[in-house]
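Okay, here's what each chain looks like letter by letter:
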Amino acid sequence: MPNKVLLYCLAMLLIGKLGVAQPCNPAVIQQHITNFWDQYKRVDTVPAFYAAHSNRLFGSKDKQVFFMGTIHSTEIAFPLYRKIDSVVTAFKPGIILVENYAAIEDLDSAAAVAGYADAGYVTYLANIHKITVKSWDNVAQVYNLLFPKYGYDSALVMLLNSIGEMGVRAQSGEEAYAQFRYAFQMAGGLLTPAQLSFAYYQQLFEQYFGQALLPPSDIGYAAQRLMVWKDTARKRCDSWFTQLRDQRLLQVLQSEIPAYQKIYLQAGAAHFQALQDIVPCYLKPARQRVRSIRTGKKKQEQGIMVTVHARRGKKQQLLIAFTNQRDSSSLQTARIDQQIKQFAPDLVLTYCPATIAGTAAESLTQSGITGYIRYQAIDRKTALDQWQPSWGDVYAHFVDRYSNEELYLTCFAMNLLQDGAIHTIGQFRDRFYNTGNNMRFTGYPFLAGQFNFDTFIGKITRHESLQSGYTLEEMVSLVRKKCNKTLEAEIRKFQVAQWFSRPYSRLQHVGQQKIFIQMDEVYRPLLP
């Protein structure tokens, strides 16, 4: 089978049918994507997309992209997976871009497919062949772009089935909503304090669709989901949501083009149909949008004010506010409140995602100063995002130079020790899983057993459980010792470099003129 794939690719090259890089016209491309998704009827036309020819090889000898449209099947016996296997094995890509992050914790193909369908299987193959893998998608962050057009409540009620697959792995609607609420926020998605309540979502659903939300166990639940899909207003919202995801795919692809000769790109069959004629335009690296950066005076308390000069005379003002995640005092929160009030930003960037609670004070207790800032931004209806690259991007960048165990222990240690003092074993365990979920929901590829507190303790103490005779203070000290200091320094430099090189070309940052950036003190010396 692999030979057939190679012969097919060679034949396409010889007869000139491979896509080649063409000049990009953003307006034409956007209109093409808009037309496709506005006309796309998810329920009625899916079978036609699945039956269509859904893979193409683009590029030339120096740069190649194998774009494959796939079906979200959770059955390992589905013929598609044999085809994916043969293509990846024959093509030998340097990087694989998948539609969704898949937290594959072992090398079990059936489990990968059962849990994450086609994205899971592709991630499984990447792990088997030791190929860098990352996701082009983040539905939580794309969802955040809907608020200016639809508002918080309309966006949630119209798109929850897309972003959370409510009820798929839960017996009750409340259980499913709790799972969604946590995972969604840890991936960067925004919910208002009111939306944290399942009862509030039930009320929104009934107001919008004119009927009560059925529990996943109800016989009418599947029919109700189809009703939601077919709703006219919801379809318009879904069309715009999917257009934004396609734009993100193209941006991520273009950002990876300079570093890799061969890229395997996986997306759902409908995404393939929408973009197969556009992908060749993106085989050239993106141009740098920022011309220069002028930095004002550094102020110990107020942070750093930066003016960014972009093309056509446009400017952006950045206020970099240095915070201490270990400090929950009223002095720090009062300073943050004053900075936000005086600066009046139209975009807030925290250094990472965090969950919020019902009040600002509860958010501070639950998620530290990051949670507090995110609560304030949501409460003020200010656009919100995070500036750090995903942990999946961090892993992909360093995996060729550091072992999996070095990355695992160092990334965990950086997060565990940055968030303040650890006073109890229970707090240590909770912070481990909160840290791990942030890493997992942003693409960090844990191996078998790594997302387990006892396994982590075993790695740092060389014992299999907490019953090892170590005190809490000694274990925290061992975590610090297991952190590769060279790798930690390189990761922090990478995080800042990624942010300074790409923040202004990201879709959600283009229109904002005043940006408030929360940055931990440890990053201050690394600013350019």
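Up top is the structure these notes are about.
Quick caveat: nothing in here was measured; it's all calculated off a predicted structure.

A closer look at the packing of helix α9 (residues 173–186) against helix α18 (residues 425–441)
Link 1 in the chain: Where α9 meets α18, the closest approach of the two axes is 8 Å, and the angle between their N-to-C directions is 70°. Relative to α18, the element α9 lies roughly perpendicular. Contacts between α9 and α18 involve Tyr182, Ala183 and Met186 from the former and Tyr433, Asn434, Asn437, Asn438 and Phe441 from the latter.
Link 2 in the chain: Here the contact of α9 with α18 is composed, by residue class, of five nonpolar, three polar and no charged.

As for unusual backbone geometry
Link 1 in the chain: At Ala344, a residue that is not glycine, the phi angle is positive and equals roughly 50°.
Link 2 in the chain: Take Ala344: it is sitting in the loop between α14 (330–343) and β9 (347–350).
Link 3 in the chain: The class of Ala344 is partly exposed, set by a relative accessible area of 46%.
Link 4 in the chain: At Lys381, a position not held by glycine, the phi torsion is positive, near 60°.
Link 5 in the chain: Residue classification places Lys381 among the exposed residues on the basis of a relative accessible area of 66%.

Observations regarding the environment of Val87
Link 1 in the chain: Relative to the helices and strands, Val87 resides in helix α4 (residues 80–91).
Link 2 in the chain: Expressed as a C-alpha distance, the spacing of Val87 and Met68, which sit 19 residues apart in the sequence, is 9.3 Å.

Details of the sheet that holds strand β5 (residues 262–268)
Link 1 in the chain: Ordered by their spatial adjacency, five strands build an open sheet running β1-β2-β5-β3-β4, and the pairing between neighbours is mixed. Of all the strands in the sheet, just β1 (55–59) and β4 (132–135) have a single pairing partner and so form its edges. Averaged over neighbouring strand pairs, the angle between their axes works out to 20° when direction is ignored.
Link 2 in the chain: Relative to β4, strand β3 (residues 95–98) runs parallel, the two sharing four bridges. Note on β4: the bridge partner recorded for Leu97 is Lys134.
Link 3 in the chain: Along the sheet, α4 makes contact with β1, β2 (64–70), β3 and β5, crossing β2 at roughly 175°.

Notes on helix α5 (residues 109–129)
Working note: α-helix, 3.6 residues per turn, so residues spaced by three or four point in the same direction.
Link 1 in the chain: End to end, α5 covers just 13 Å across 21 residues, shorter than the expected 30 Å (1.5 Å per residue, more than 12% under).
Link 2 in the chain: Where α5 bends most, at Tyr116, the angle is about 145°.
Link 3 in the chain: One or two positions beyond α5, positive phi appears at Lys130, with a value near 55°.

Let's talk about the side chain of Asp246
Link 1 in the chain: Relative to the elements of secondary structure, Asp246 occurs in helix α12 (residues 232–256).
Link 2 in the chain: Despite its burial, Asp246 pairs with no opposite charge, the nearest such side chain being Arg245 at 6.6 Å.
Link 3 in the chain: A distance of 2.7 Å separates the side chain of Asp246 from the side chain of His271, its partner in a polar contact.

Quick notes on the pattern of salt bridges
Link 1 in the chain: Under the defined criterion, the tally for this structure stands at nine salt bridges.
Link 2 in the chain: Ionic pairing is found between Arg245 and Glu99, a salt bridge with its closest N-O pair at 2.8 Å. Of this pair, Arg245 sits in helix α12 while Glu99 sits in the loop between β3 and α5, and the two are 146 residues apart along the sequence. Of the two residues, Arg245 and Glu99, neither departs from the other in class, the shared state being buried.
Link 3 in the chain: For Asp137, the salt bridge goes to Arg245, with nearest N and O atoms at 2.5 Å. Taken together, the positions of Asp137 in the loop between β4 and α6 (139–143) and Arg245 in helix α12 put the pair 108 residues apart, joining distant regions of the chain. Judged on exposure class, the residue Asp137 and its partner Arg245 are both buried.
Link 4 in the chain: It is possible to trace a salt-bridge network through shared partners that takes in Glu99, Asp137 and Arg245.

Thresholds, definitions, all that
Residues numbered from 1 in each chain as written. Predicted model: local features only at pLDDT ≥ 70, side-chain atom pairs only at ≥ 80, totals over all residues. Heavy atoms only, no water. Axes fitted to C-alpha atoms, helices over the stretch in contact; angles between N-to-C directions. Helix = DSSP H or I, 4+ residues; strand = E, 2+ residues; numbered from the N terminus. Parallel < 35°, antiparallel > 145°, perpendicular 65-115°, else oblique. Contact = heavy atoms within 4.5 Å. Nonpolar A, V, L, I, M, F, W, Y, C, P; charged D, E, K, R; others polar. Buried < 20%, exposed > 50% of the residue type's maximum accessible area, 1.4 Å probe, protein only. Pairing = 2+ DSSP bridges. Expected span 1.5 Å × (residues − 1). Bend = angle between axes of the 7 residues up to and from the residue. Lys, Arg positive; Asp, Glu negative; His and termini not counted. Salt bridge = Lys/Arg side-chain N within 4 Å of Asp/Glu carboxyl O. Polar contact = N/O pair within 3.5 Å; in protein donor to acceptor, adjacent residues only side chain to side chain.

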